[in-house]
Amino acid sequence: MTELKNDRYLRALLKEPVDYTPVWMMRQAGRYLPEYKATRAQAGDFMSLCKNAELACEVTLQPLRRYDLDAAILFSDILTIPDAMGLGLYFETGEGPKFERPITCKADVEKIGLPDPEGELQYVMNAVRTIRKGLDGQVPLIGFSGSPWTLATYMVEGGSSKAFTKIKKMMYADPQTLHLLLDKLADSVIEYLNAQIKAGAQSVMVFDTWGGVLTPRDYNDFSLQYMHKIVDGLVRENEGRRVPVTLFTKNGGMWLEKIAATGCDGVGLDWTIDMAEAKRRIGDKVALQGNMDPSMLYASPERIREEVATILEGFGTGSGHVFNLGHGIHLDVPPENAGVFVDAVHELSRPYHK
Ligand code: CP3
């Protein structure tokens, strides 16, 4: 295996010394980049892009050619698992993801089998292997999955949702069925992420985009418990190096300590929590990832730099901070503003690492 030329991202997650704060952007490969739109057009549609290892590798590398990013993230989607479970994923233009056969009852859940990561999901592992080769040790590759709760919301709602009435009805009226589904999803995520690690992912991240819509008690029972199970089931060392795990619950700032107590290496923060407060509460228990509001990329270069400076100051001195946006980059931000953001993190963070 090629030696990593830039391992700041891995070192920061393990709180090992770095010379400046590493940065990457959630959804860094995507429609805000004209070259992404061109490659996607070449593939035909989004899922065909995910299933073509060469093109998935190309779009993964595109943002790294433009910006001095410290990590690459596998180009894929969290909904690959439900698709491989037979729900029939499709994308309606302008409406986001949809399922042809959503989960409606216990019998639907009982029918579901665990997808084979080197079978139905082999296209994802092929993408990981191709991207690792393409990266040639430039920066580490992040693998990822959705959290069981977040995947279940899409599977039960049949797509994106605002009020989550169908899944909350199942949660309160038939909790056993939902637990059965979440348990199957947790087992499947463990196999899927371990296969990504075996294929070459050097760190993994679990996206719990919708954990923040739960009550504190339900967050424990229906989301965090299953992410904890995943952390316990993951391979934590590969190629002679620790494979750090980051958990990200959007809107999960109030539960920071609980998330950190799962045994993960890093906790992802959205912008609704102050970085200084998060650092005070977590200390050096885990690394923190985040947390600039992605909408700040609409602002002037001066305003972006000022915001980066505030967040860096909030975290303070020493390792343990992976800079990121608090959620995915918006599709209509000027691409040059992402460059201002990345360069500001590198430049302004040096004094914090002496
Ligand atoms: O970060 C990256 O650059 C890696 C790629 C990545 C995608 N999706 C590509 C994608 C990652 C990490 C994801 C995760 C994902 N997918 C999440 C969790 C993170 C989050 O944003 O909260 C969720 C909830 C999904 C589900 C999903 N996939 C939605 C809601 C959509 C539609 C979004 C839209 O704007 O239409 C997708 C499709 C999708 N996944 C796109 C991309 C680049 C857009 C597809 C296109 O090219 O049209």
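Counting of residues starts from 1 at the beginning of each chain's written sequence and follows it residue by residue. Predicted model: local features are reported for residues with pLDDT of at least 70 only, side-chain atom pairs are reported and counted for 80 or more only, and whole-chain, interface and lining totals are derived from all residues. The side-chain numbers reported here are obtained from all heavy atoms of the structure, hydrogens and water having been left aside.

Enquirer: Would you mind showing me how to read the packing of aromatic side chains here?
Expert: Within a pair of aromatic rings, the relevant descriptors are the distance that separates the centres and the angle that separates the planes. Stacked, edge-to-face and tilted labels apply to pairs of Phe, Tyr and Trp rings (six-membered ring for Trp) whose centres lie within 6.5 Å, assigned for plane angles under 30 degrees, over 60, and everything in between, in that order. One pass over the structure, following the stated rule, counts eight aromatic pairs. A ring pair is formed by Tyr 36 and Phe 75, whose centres lie 5.7 Å apart and whose planes are at 50 degrees; its orientation type is tilted. Here Tyr 36 is found in helix H2 (residues 34–43), whereas its partner Phe 75 is found in the loop between strand E1 (72–73) and helix H5 (80–87), with 39 residues between them in sequence. Burial status follows relative accessibility: with a 1.4 Å probe on protein chains alone, a residue under 20% of its type maximum counts as buried, one over 50% as exposed, and anything between as partly exposed. The exposure class of Phe 75 is buried, given its relative accessible area of 6%. With a centroid separation of 5.6 Å and 90 degrees between ring planes, the pair formed by Phe 144 and Phe 207 is classed as edge-to-face. Here Phe 144 is found in strand E4 (residues 141–146), whereas its partner Phe 207 is found in strand E5 (residues 203–208), with 63 residues between them in sequence. Taking relative accessible area as the criterion, Phe 144 reaches 7% and is therefore assigned buried. Residue Phe 207 is classed as buried on the basis of its relative accessible area of 13%. What links up through ring pairs into an aromatic cluster is the set Tyr 36, Phe 46, Phe 75 and Phe 91. A helix here means a DSSP run of H or I that spans at least four residues, while a strand means a run of E at least two residues long, and both kinds are numbered starting from the N terminus.

Enquirer: Just checking my understanding: could you explain the UniProt feature "binding site: substrate" (unreviewed entry) in the chain for this structure?
Expert: UniProt positions are given in the numbering used here, feature names are shortened, and annotations may be inferred rather than shown by experiment. UniProt records the feature "binding site: substrate" (unreviewed entry) at Arg 27, Gln 28, Ala 29, Gly 30, Arg 31, Asp 77, Tyr 154, Thr 209 and His 327, using the numbering of this structure. Mapped onto the elements of the fold, Gln 28 is located in the loop between helix H1 (8–13) and H2. In this structure, Gln 28 is in contact with Leu 33, Pro 63, Leu 69, Ala 71, Ala 72 and Ile 73, ignoring residues within four places of it in sequence. Polar contacts, as used here, are pairs of N or O atoms within 3.5 Å; protein pairs need one atom able to donate a hydrogen and one able to accept it. Residues neighboring in sequence count only if both atoms are side-chain atoms. A distance of 2.9 Å separates a polar atom in the side chain of Gln 28 from the backbone nitrogen of Met 25. Along the chain, the position of Asp 77 falls in the loop between E1 and H5. Non-local contacts of Asp 77, meaning those with residues more than four positions away in its chain, are made with Phe 46, Phe 144 and Tyr 192. Residue contacts follow a heavy-atom distance rule, with two residues in contact if any of their heavy atoms lie within 4.5 Å.

Enquirer: I tried to follow the site of the ligand on my own but got confused; where do I start?
Expert: Proximity is defined per residue: if any heavy atom of the residue lies within 4 Å of a molecule or strand, that residue is considered near it. Contacts to the ligand come from 22 residues, most closely from Arg 31, Tyr 36, Arg 40, Asp 77 and His 327. The side chain of Tyr 36 places a nitrogen or oxygen atom 2.5 Å from an oxygen atom of the ligand. Within the contact set of the ligand, an oxygen atom lies 2.7 Å away from a side-chain nitrogen or oxygen of Thr 209. Using a 1.4 Å probe, accessible areas were evaluated by the Shrake-Rupley method; residue-level cover was limited to the displayed protein chains. The fraction of the free accessible surface of the ligand (870 Å²) that becomes covered by protein chains is 89%. Among the residues making up the shell around the ligand, the classes are represented as 14 nonpolar, four polar and four charged. Polar here means any residue outside two lists: the nonpolar Ala, Val, Leu, Ile, Met, Phe, Trp, Tyr, Cys and Pro, and the charged Asp, Glu, Lys and Arg; Gly therefore counts as polar.

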